[in-house]
Amino acid sequence: MSAKQTALVIAPGRGTYAKAELGYLARHHGSRTNIIARFDAVRAGRGQPTLTELDSAERFSNSLHLRGDVAAPLIYAASYLDFLAIDRARFDIVAVTGNSMGWYSALACGGVVSGDDGFAIADAMGMNSQAHGPGGQIVVTVVDEEWREVSGLRDAVLGLCDRISARADHFAALSIDLGGMLVLAGNEAGMKALAAELPETPGRAPLPLAGHGPFHTELMHESSARAKAQLAAAMFAGPAVPLIDGRGQTWRRFASAPMGLWEYTFGHQILAAYDFTKAVQVAVKEYAPDRIILLGPGETLGGAIAQALIAIGWRGLSSKSDFVARQASDPLLISMGRAGQREIVI
């Protein structure tokens, strides 16, 4: 590769450090012991298990590794260190975005906060994300087997959320627009109503997310308040590269107020729906990257990215079959959590 290629970098969110990812930091970032040691010191100072201890555990524990105060710092560390491993002699990073808690990783990758401050934010928000009333999330598929949206299904699902929320003591709303999936959130009564009344969907049945709260909804006001009290605006600077947030808004170099980024991060980003689909679509339309690099851990976000691209026909993609064929010949999306693709970018 003689000339640099442009790249959009995407940071993943919760649920991406799973059983297969146990040992990810040791396998891929053994040479970054100085950074990991600093992260470990933060947690050890609070009496929490360190990343090294968690990553080197003998076995993966759902009750431990999927807990917010454990998953968030593990995912952040893996994503941020993956970002540092990208070969800058071959790739020019033109924009950065992330999904849900991946926004905290994107802040560090985009130069808004330092790597250490990014870890402090992710670590704190892993704990703060547990500050909410009873409720949860459920994932609903709205595309067919070729990843084309089923006509009317999205509107039917969101309309049901509105009707449920109109009932006394019920709440249900969109949490994350995730490519061909809608992540819905609500209180206990709202979640029970959703489970009983959701229309038939293609593929798998609606999937409740174990251990997840009503993220990206008004029910997270306590989490937002804690974040603003704990995490200083002085951490924030203007971005070094353009950042696309969960509204599809671009924060540009030399034109973005640090205080605005702080307010968005600990306000709207926590309390309102996160439109990952729009973030991806805006990024590729505006910056036309040669490649999309999905940071680890895991690679489960790849399908949602592809579905967002198919929805706008990016680079001629109109179906899952198109995407799979393109990936086999000349991959548009490179997942650093996938063996055989990681080597392309490091």
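Numbers given for residues are sequential positions, taken from 1 along each chain in its written order. Predicted model: local features are reported for residues with pLDDT of at least 70 only, side-chain atom pairs are reported and counted for 80 or more only, and whole-chain, interface and lining totals are derived from all residues. Side-chain descriptors were evaluated using all non-hydrogen atoms of the structure, hydrogens and water having been removed beforehand.

**Things to note about the sheet that holds strand S4 (residues 172-178)**
Criterion used throughout: strands pair if DSSP finds at least two bridges between them. Each helix is a run of H or I in the DSSP string that is no shorter than four residues. Each strand is a run of E no shorter than two, and both are numbered from the N terminus. A sheet is described by the order of its strands in space; here five strands give the open sequence S6-S3-S5-S4-S9, paired in mixed fashion. The two strands at the open ends of the sheet, each matched to only one other strand, are strand S6 (207-208) and strand S9 (274-275). One ladder, built from two bridges, connects strand S3 (residues 135-141) with S6; its direction is antiparallel. Residue pairing for S6: Val139 is matched across the bridge by Leu207.

**Side note on the nonpolar core**
Residues Trp103, Phe236, Phe276 and Ile305 are the most contacted members of the largest nonpolar core, which totals 95 residues. For this core, the element with the highest residue contribution is helix H5 (residues 68-85), accounting for eleven residues. The residues touching Phe236, leaving out its near neighbours within four places in the chain, are Leu107, Val112, Val113, Ile121, Pro258, Leu261, Trp262, Thr265 and Phe266. With 15 residues, the next largest nonpolar core counts Val142, Val157, Leu160 and Ile164 among its residues. For our purposes a nonpolar core is just a set of buried Ala, Val, Leu, Ile, Met, Phe, Trp, Tyr and Cys residues, chained together by side-chain atoms within 4.5 Å. Three exposure classes are used, based on accessible area relative to the maximum for each residue type with a 1.4 Å probe and protein chains only: buried under 20%, partly exposed in between, and exposed over 50%. It only takes one pair of heavy atoms within 4.5 Å for two residues to be counted as in contact.

**Thoughts on the pairing of S3**
Burial analysis of S3 places six of its seven residues in the buried class, which makes it a mostly covered element. Bridge analysis of S3 against strand S5 (residues 181-187) gives seven bridges, and the strand direction is antiparallel. Across the sheet, the residue bridging to Thr141 is Met181, located in S5.

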